[in-house]
Amino acid sequence: MRDIVASTTELEPYASFHPAIAPQKAGRNTRLWNLVQNQPLGAISALILLVIVLSAIFAPYIAPYDPTGGNSAALYVPPSGQYWLGTDAFGRDILSRLIYGARVSLIIGFGASILGVVIGTAIGVTCGYIGGWVDSIAQRLMDAMLAFPMLLLALAMAAVLGSSIQNVIIALAMPIVPRAARISRASTLVLKTTTFIEASRAIGCSNLRIIVQHILPNTFAPLLVISTAYLGLAIVQEAALDYLGAGIQEPQPSWGLMMSGSATTLALTAPWIVLFPGVAISIVVLASNLLGDAIRDVLDPKLQRNV
Amino acid sequence: MTGYIIQRLATGFVTLFGVAVIVFLIMRVLPGDAAVMMSGAGSGVVSEQEIAQVRHRLGIDRPLVVQFADWAGHVAVLDFGTSLRTGSPVIEDIARRFPYTLQIVVLAMIIAIGVGVPAGVLSSWLAGTWVDRTLQTVTIIGLAAPSFWVGLMIILGLVYFFQWSAPLFWEPFWVSPFKSMSQLIWPAISVGIRQLALIARMTRSIMREVLGEDYIRTARAKGLSEKRVVFRHALWNGALPIVTLIGFEVAALFGGLIVTETVFSVPGLGQYVVQSILDRDYPAAQGIVLVLAGIVVLGNLAVDLLYGLLDPRTRVQGAGA
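Calculation rules
Residues numbered from 1 in each chain as written. Chains lettered and ligands numbered in written order. Predicted model: local features only at pLDDT ≥ 70, side-chain atom pairs only at ≥ 80, totals over all residues. Helix = DSSP H or I, 4+ residues; strand = E, 2+ residues; numbered from the N terminus. Buried ≥ 20, exposed ≤ 12 C-beta atoms within 10 Å, placed from the backbone. Contact = placed C-beta atoms within 7 Å. Axes fitted to C-alpha atoms, helices over the stretch in contact; angles between N-to-C directions. Left-handed = near helix turned anticlockwise from the far one by under 90°. Nonpolar A, V, L, I, M, F, W, Y, C, P; charged D, E, K, R; others polar. Expected span 1.5 Å × (residues − 1). pLDDT = per-residue confidence, 0-100. Parallel < 35°, antiparallel > 145°, perpendicular 65-115°, else oblique.

**Examining the overall build of chain A**
Within chain A, the secondary structure is distributed over 14 helices and zero strands. Ordered by position from N to C terminus, the α and β elements of chain A give α-α-α-α-α-α-α-α-α-α-α-α-α-α. Among the 307 residues that make up chain A, the fraction classed as buried is 47%. Long-range pairs, those at least 24 residues apart, make up 74% of the contacts in chain A with a sequence separation of at least 6.

Structure follows, in structure tokens:
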């Protein structure tokens, strides 16, 4: 979704982010309070994500049952006082599996989006700054990578690399790289022509220093926004990979794997098994999208696109 | 315009070539060697020599560049080789499965556009009211819910309320159009909901922008009916970016179909690509991945050309991009 938005707004300069032009800092607490007031949805989303991250970290203390050890006396138990969200075909507690599954989803989601955005930015900024034939070749390569539907590239990579957490992170980062590269390249091209870059070149800054100290900080805002968008996308695609059997393997609890039974048979016996993992994914994705929108509005009010 | 078309076609061709290289490289480093799989080495009774023979027969003991040239040469005449799994030519498998996928995509886009655009127009026109807020909430949830999970929920609902069962045989459209449509409508809905939400939100924000323009005020001031202002003046001008989005989304739909077809077990291209990749059926996987990426490239090309046709300004800009 953001690809499109990014590509239509790509030409808009992000030059206004230079620290010298950015608004002066108020006290930390007042700023936080203003943020909550101006972006209530963003604040709630941040809170929800925080709660989910914390419960993933402290899973052993929160989860009521062992996520992998099933109770053979309690198969397909509907949601009840004892098992809040019911149990699955092996008598494993769904809630506990969701809490532990959040670890997998969040590690992979954050890992893939950060890795993809970092590599993509490195490529995009370097190519945009250097230009010339290096840039042209890299751009054709990025175009080719963009031609793959995201999930397809990730699926092929995951099948090649095998299904460990690191490999799934790499596989999911792959499709993010060209998208981040395009956005950071576009802002670099705009920045390159601005006066303050020209000035730093005039006073004799090295190219590396210009890139690291002046260009990178200014590409930060749009990249932060797309990072949050890709966090959500990566989590959905991770679940899809697991569902297809190309991602995390049993008995590790993961949200995608939890849905992978036959929906037609589960519908009559235990619909809650497929229901709750999807709800969990939707909440995380919704929260990260809304947070991304809020960050965008705060960092760049010009970009109010509401998509 | 001719120059523009030639330039776009050339870029598209270069991109396709890059796609072919990437597909080839990814598939050839698959660790589960096809030769080992085929000779059933998992059982442990096959000698190294036999595996080497299979490798030689498949031609995968040659240098990579030679293999690529060989493969690309065949692909150029639409010969993708023979599937290791089904034993029939990959191009035939693809041709047999393509109609299902195409039908789902068309249905999904009809649903997405038919509901999404009016919803977006309504939302922009009633901006700030409860109708707008409800639509905004529904669509943002539609964007967050994974489409394959939406598919699973649709199956749950169908089975639970209508004792639905997954079709054992999917009617081709030309045999019985009605039955075929009623079977494929469910995967189409589940994959189209995301597009619907996206189109509705995009239409809303574009329309909001357009409705704020001076010429809309002029149109209202000269006493045109609100209907005429919204549809004739505003929507007509906002149509271009919406068309672009729809063009890109058709390509994205093919991606979404990969999982959805597996969820519904529709024998389309999405299911084929998943099975081929997971079974390390590399002739099939290479072929179908190339075809899917090729569809995306062609889709983007079509959007570019359409855009150039509808909006002459982009032809000049496009030349530099």
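After that view, the rundown keeps rolling.
**Section: the overall build of chain B**
When helices and strands are tallied, chain B shows 13 helices and zero strands. Going residue by residue from the N terminus, the α and β elements of chain B occur as α-α-α-α-α-α-α-α-α-α-α-α-α. Put simply, chain B has 321 residues, and 41% of those count as buried.

**Comments concerning the packing of helix α5 (residues 90–125) of chain B against helix α8 (residues 177–211) of chain B**
Residues and elements named next belong to chain B. Running from N to C, α5 and α8 cross one another at 35°; their axes reach a closest spacing of 5 Å. Of the two possible hands of crossing, α5 and α8 adopt the one that is right-handed. The residue makeup of the contact of α5 with α8, split by class, is 23 nonpolar, nine polar and three charged.

**Details of the interface of chain B and chain A**
How big an interface is tends to be reported as the loss of accessible area on association of its parts. Taken residue by residue, the interface counts 47 residues in chain B and 43 residues in chain A. When contributions to the side of chain B that touches chain A are tallied by element, the ones reaching two or more residues are α1 (2–28), α6 (130–144), α7 (147–162), α8, α10 (226–264), α11 (269–278) and α12 (282–310) of chain B. When residues in the side of chain B that touches chain A are grouped by element, the largest group, nine residues, is from α10(B). The residue inventory of the side of chain B that touches chain A, partitioned by class, reads 40 nonpolar, six polar and one charged.

**Description of the environment of L266(A)**
Assignment of secondary structure puts L266(A) in helix α13 (residues 263–269). In this structure, L266(A) is in contact with G261(A), P271(A), I273(A) and V274(A), ignoring residues within four places of it in sequence.

**Section: helix α9 (residues 176–192) of chain A**
Helix length check: α9(A), at 17 residues, gives a terminal C-alpha distance of 24 Å against a target of 24 Å (1.5 Å per residue), a fit within 8%. Of all the 17 residues making up α9(A), 14 are buried; the element is thus mostly covered by neighbouring parts of the structure.

**Quick notes on the confidence of the model for chain A**
All names here are of chain A. Mean pLDDT for chain A: 82, with 88% of residues reaching 70 or above. Within chain A, the element-level pLDDT minimum falls on helix α1 (residues 2–9), averaging 38, and the maximum on helix α5 (residues 94–130), averaging 92. In this model residues 1–24 is a low-confidence stretch, pLDDT under 50, and it forms 36 contacts with partners more than four residues away in sequence or in other chains.

**Concerning the packing of helix α7 (residues 150–161) of chain A against helix α8 (residues 165–173) of chain A**
Residues and elements named next belong to chain A. For the pair α7 and α8, the least separation of the axes is 8 Å and the interaxial angle reads 150°. Here α7 is positioned roughly antiparallel relative to α8, judged by the angle of their axes. The interaxial crossing formed by α7 with α8 has right-handed handedness. Together, A154, M157, A158 and L161 of α7 and N167, V168, I170, A171 and L172 of α8 make up the contact between the two elements. Residues of the contact of α7 with α8, tallied by class, amount to eight nonpolar, one polar and no charged.

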